[in-house]
Amino acid sequence: MTFDKKKVVYQIYPKSYKDTTGNGIGDLRGIIEKLPYLAELGIDIIWLNPFYPSPQKDNGYDISDYKAVNPLFGTMADFEEMVVTAKTYGIDFMLDMVFNHCSTEHEWFQKALAGDTYYQDFFILRDQPTDWISKFGGSAWSLFGDTGKYYLHLFDESQADLNWRNPHVREELFKVVNFWRDKGVKGFRFDVINLIGKDEKLVNCPIDDGKPAYTDKPIVHDYLRMMNEASFGQDDDFMTVGEMSSTTIENCILYSAEDRHELSMTFNFHHLKVDYQDGQKWTITDFDFEKLKNLFHNWGEAMSESMGWNALFWNNHDQPRALNRFVDVKNFRQEGATMLAASIHLSRGTPYIYMGEEIGMLDPDYASMSDYVDVESLNAYQIMLDQDKSPAEALEIIKTKSRDNARTPMQWNANNHAGFTTGRPWLKPGQSYKEINVESEKLGHIFPFYQKLIRLRKELPLISEGTYRAAYKDSDSVYAFERSYQKQKLLVINNFYAKEVSLDLPNCYQGGQVLISNYDKVKLADKIVLKPYQTLAILSEDK
Ligand code: GLC
């Protein structure tokens, strides 16, 4: 059982992709409409964020029915048509499975609240709460109706953690996977899946908000193997990815090694915390290049040596746009966007493109808190005010860090609301849409560069299969690596800064071939000078 390593994933946040009804919310028919665009880009599989019935407290990550389509997004018939139509373009779907928790409006929780003990055992109820802090702020425990007991919610209080120790819970969740498999779905992204293994006896844990008490517990591996065996493991070409919160390399090797029959690959987030001050998200500081480079090298090499597999990404629906975080976008947006793209698309692992990344979309420039919708941002703002930050300071931090930065409507053209809707968008589009949109960018540099990277992965096993080794390890501005496969080698060099940098090129690459670069007229010699945010990949072949 293995998945195709030539494939590239494209993530769609359905609420913000394309609205066809005029209600200001993106929908499944909007995705159908855009399939030709996605085929033109060349991607293979679409990861779709949750579109199931949900009170939308956390934009769909609070699911109240795992086996239906939220009318906000369309109907089951639309879903089926979308899957079948996509296949005619060679595109498959990867669905988001939120199995650590469900909405408190799910019938399981409602029945539990009404006193049904069978369903009470679906949740994690205790007489006394522990000191764990919810990932969205405040205690991770809330009172369970008027029973005097508390239920665990590692996220919002409307997202109750499920009790995976209970075999009935596992059985129900595996049925959900099979329900969507039967509809032709070819992949799953498992939300915060490394948090599902809670101990029988829960204890206080003052370190790191309690994370060590419930993260990456050995039993998670057992649960994943059970799920694999009961569902997607029966298919040959299935692609699964686990979202791993605060995880380790050792665990991700175990989660993704083929012979362990757990998952195809893992997401980790360490590289997206290099601009956190003292590990805290709600702060503003420049990114730490040294940390970023070392993280990429440590993960890249360890996964390569142990046959683990990384999901490679810069952006998703939870992250501010990488362009704003890592690039001088005022002066080098195109160069930065293409360099960031090459730095992961040529690396070892499966690349993920988050909608809009392929046209170099930016964070919106919102003027006030009233523009924000995300529950985490609203909570964080309040907490910062409570901690005596001024409203202006708190807003500045929200502007830099909010998840809404990624969730603004896809910018299709320069028309009203970026061509996303004819109605009133649920979230305001970024102001940049007049210049940065699909129509104009298709004629620009970023979109064609992504097309080429996707094509290269399909053409060269060196890219899809090759090993990973760090290069220019000591550089303070260049992140570089070398891929090897049979007689071929690829050196990928990425300048992460706006200043030129000169490098000595090893002999074997001096007579090599420039596979791709974001600057024209590259001359290979014993010394090369990289331009601002230049990326350069050189192929060398043993004769
Ligand atoms: C994951 C999702 C995020 C969600 C959280 C709780 O981190 O990506 O959007 O809020 O899990 O489900």
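Residues numbered from 1 in each chain as written. Predicted model: local features only at pLDDT ≥ 70, side-chain atom pairs only at ≥ 80, totals over all residues. Heavy atoms only, no water.

**Q** So, the state of the cysteines: which residues are in play, and what are the values?
**A** Under the counting rule described, the total for this entry stands at zero disulfides. This cysteine, Cys205, is not joined by any disulfide, and Cys252 carries the nearest cysteine sulfur, 20 Å off. Among the residues examined, Cys205 registers a relative accessible area of 9% and is labelled buried. (Disulfide = S-S within 2.5 Å. Buried < 20%, exposed > 50% of the residue type's maximum accessible area, 1.4 Å probe, protein only.)

**Q** Explain helix H13 (residues 391-401) residue by residue, including any values.
**A** Among all positions in H13, only Ala394, Leu395, Ile397, Ile398 and Lys401 are buried. Within H13, the buried residues cover an arc of 160° as seen down the axis, which keeps them to one side. The inward-facing, buried residues of H13 abut helix H12 (375-386) and helix H14 (404-407). (Helix = DSSP H or I, 4+ residues; strand = E, 2+ residues; numbered from the N terminus. Arc of directions from axis to C-beta. Contact = heavy atoms within 4.5 Å.)

**Q** Before we move on, can you summarise the sheet that holds strand E14 (residues 467-471) with the specific residues and values?
**A** Strands sit in the order E14-E15-E16-E20-E18 across an open sheet of five strands; the sheet is antiparallel. Whereas interior strands pair on both sides, the edge strands pair on one side only; in this sheet they are E14 and strand E18 (513-517). The sheet shows a mean angle of 20° between the axes of neighbouring strands, direction not considered. Bridge analysis of E18 against strand E20 (residues 535-541) gives four bridges, and the strand direction is antiparallel. Across the sheet, residue Val514 finds its bridge partner in E20, namely Ile538. Packed onto the sheet, helix H11 (residues 329-345) meets strand E15 (478-485), strand E16 (488-495) and E20 and runs at close to 145° relative to E16. Sitting on the sheet, helix H16 (residues 446-459) is in contact with E18 and E20, with an inclination near 130° to E18. (Pairing = 2+ DSSP bridges. Axes fitted to C-alpha atoms, helices over the stretch in contact; angles between N-to-C directions.)

**Q** Any chance you could break down the environment of Ala337 for me, citing the residues and the numbers?
**A** As for its placement among the helices and strands, Ala337 is situated in helix H11. The class of Ala337 is buried, set by a relative accessible area of 5%. For the pair Ala337 and Tyr276, spaced 61 residues apart in the sequence, the C-alpha separation amounts to 21 Å. Here Ala337 is in contact with Leu323, Ile446 and Tyr450, once residues within four sequence places are set aside.

**Q** Outline the site of the ligand, listing residues and values.
**A** Taken together, 14 residues lie near the ligand, and Asp58, His101, Asp191, His317 and Asp318 sit nearest. Between the ligand and the protein, one listed contact pairs an oxygen atom with a side-chain N or O atom of Asp191 at 2.8 Å. Taking Asp318, its side chain carries an N or O atom lying 2.5 Å from an oxygen atom of the ligand. In isolation the ligand has 310 Å² of accessible area, and contact with the protein removes 96% of it. Residue classes in the shell around the ligand are distributed as four nonpolar, three polar and seven charged. Residue assignment places the shell around the ligand across two domains, with domain 1 (9-101 + 167-366 + 409-454) and domain 2 (102-161) each supplying three or more. (Near = heavy atom within 4 Å. Polar contact = N/O pair within 3.5 Å; in protein donor to acceptor, adjacent residues only side chain to side chain. Areas by Shrake-Rupley, 256 points an atom, 1.4 Å probe, with all protein chains shown as cover. Nonpolar A, V, L, I, M, F, W, Y, C, P; charged D, E, K, R; others polar. Domains from an automatic or database assignment.)

**Q** How would you explain empty space enclosed by the protein if you had to name every residue and give the values?
**A** Applying the stated rule across the entire model yields five cavities of 30 Å³ or more. Roughly 210 Å³ of volume is contained in the largest cavity. Taken together, 17 residues line the largest cavity, and the ones lying closest to its centre are Asn268, Phe296, Trp299, Asn310 and Leu312. Broken down by secondary-structure element, the contributors of at least two residues to the lining of the largest cavity are helix H9 (289-305), strand E12 (311-312) and H11. It is H9 that contributes the most residues to the lining of the largest cavity, four residues altogether. (1 Å grid on protein atoms, 1.4 Å probe; cavity = no way out; pocket = protein on both sides within 12 Å on 5 of 7 lines; lining within 4 Å. Points joined across faces, edges and corners; volume = space filled by probe spheres on them.)

**Q** Could you give an account of the packing of H11 against H16, with specific residues and numbers?
**A** What describes two packed helices is the angle between their axes and the distance between those same axes. Between H11 and H16, whose axes approach to 10 Å, the crossing angle comes to 15°. Comparing their axes, H16 and H11 come out roughly parallel. The element H11 and its partner H16 pack so that their crossing is right-handed. Note on element contacts: H16 touches H11 through Ile446, Phe449, Tyr450, Leu453 and Arg457, opposite Arg333, Gln334, Ala337, Thr338, Ala341, Ala342, Ile344 and His345. (Parallel < 35°, antiparallel > 145°, perpendicular 65-115°, else oblique. Left-handed = near helix turned anticlockwise from the far one by under 90°.)

**Q** Can you tell me about the packing of aromatic side chains, naming the residues and giving the values?
**A** Applying the stated criterion across every chain yields a total of 51 aromatic pairs. Taking 5.0 Å as the distance between ring centres and 85° as the angle between the ring planes, the aromatic pair formed by Phe267 and Phe313 counts as edge-to-face. Residue Phe267 is located in strand E11 (residues 265-267), and its partner Phe313 is located in the loop between E12 and helix H10 (322-326); the two are separated by 46 residues in the primary sequence. Residue classification places Phe313 among the buried positions, given a relative accessible area of 2%. One residue, Lys5, lies across the ring of Trp309, its end atom 4.8 Å from the ring centre. Over the aromatic face of Trp412 sits the side chain of Lys34, whose NZ or CZ is 4.0 Å from the ring centroid. (Phe/Tyr/Trp six-rings, centres within 6.5 Å; stacked < 30°, edge-to-face > 60°. Lys NZ or Arg CZ within 6 Å of the ring centre and 35° of its normal.)

**Q** So what's going on with the side chain of Gln319? Which residues, and what values?
**A** For Gln319, the position within the fold is in the loop between E12 and H10. Since its relative accessible area comes to 8%, Gln319 is described here as buried. Side chain to side chain, Gln319 and Arg325 meet in a polar contact 2.6 Å long.

**Q** Outline the domain arrangement of the protein chain, supporting the account with residue identities and numerical values.
**A** Taken as a whole, the protein chain is organised into domain 1 (9-101 + 167-366 + 409-454), domain 2 (102-161), domain 3 (367-407) and domain 4 (464-541). Taken over C-alpha atoms, the centre of domain 3 sits 40 Å from the centre of domain 4.

**Q** How would you summarise the environment of Lys543 if you had to cite specific residues and measurements?
**A** Among the structural elements, Lys543 can be located in the segment after E20. The sequence separation of Lys543 and Tyr52 amounts to 491 residues, and the corresponding C-alpha distance is 55 Å.

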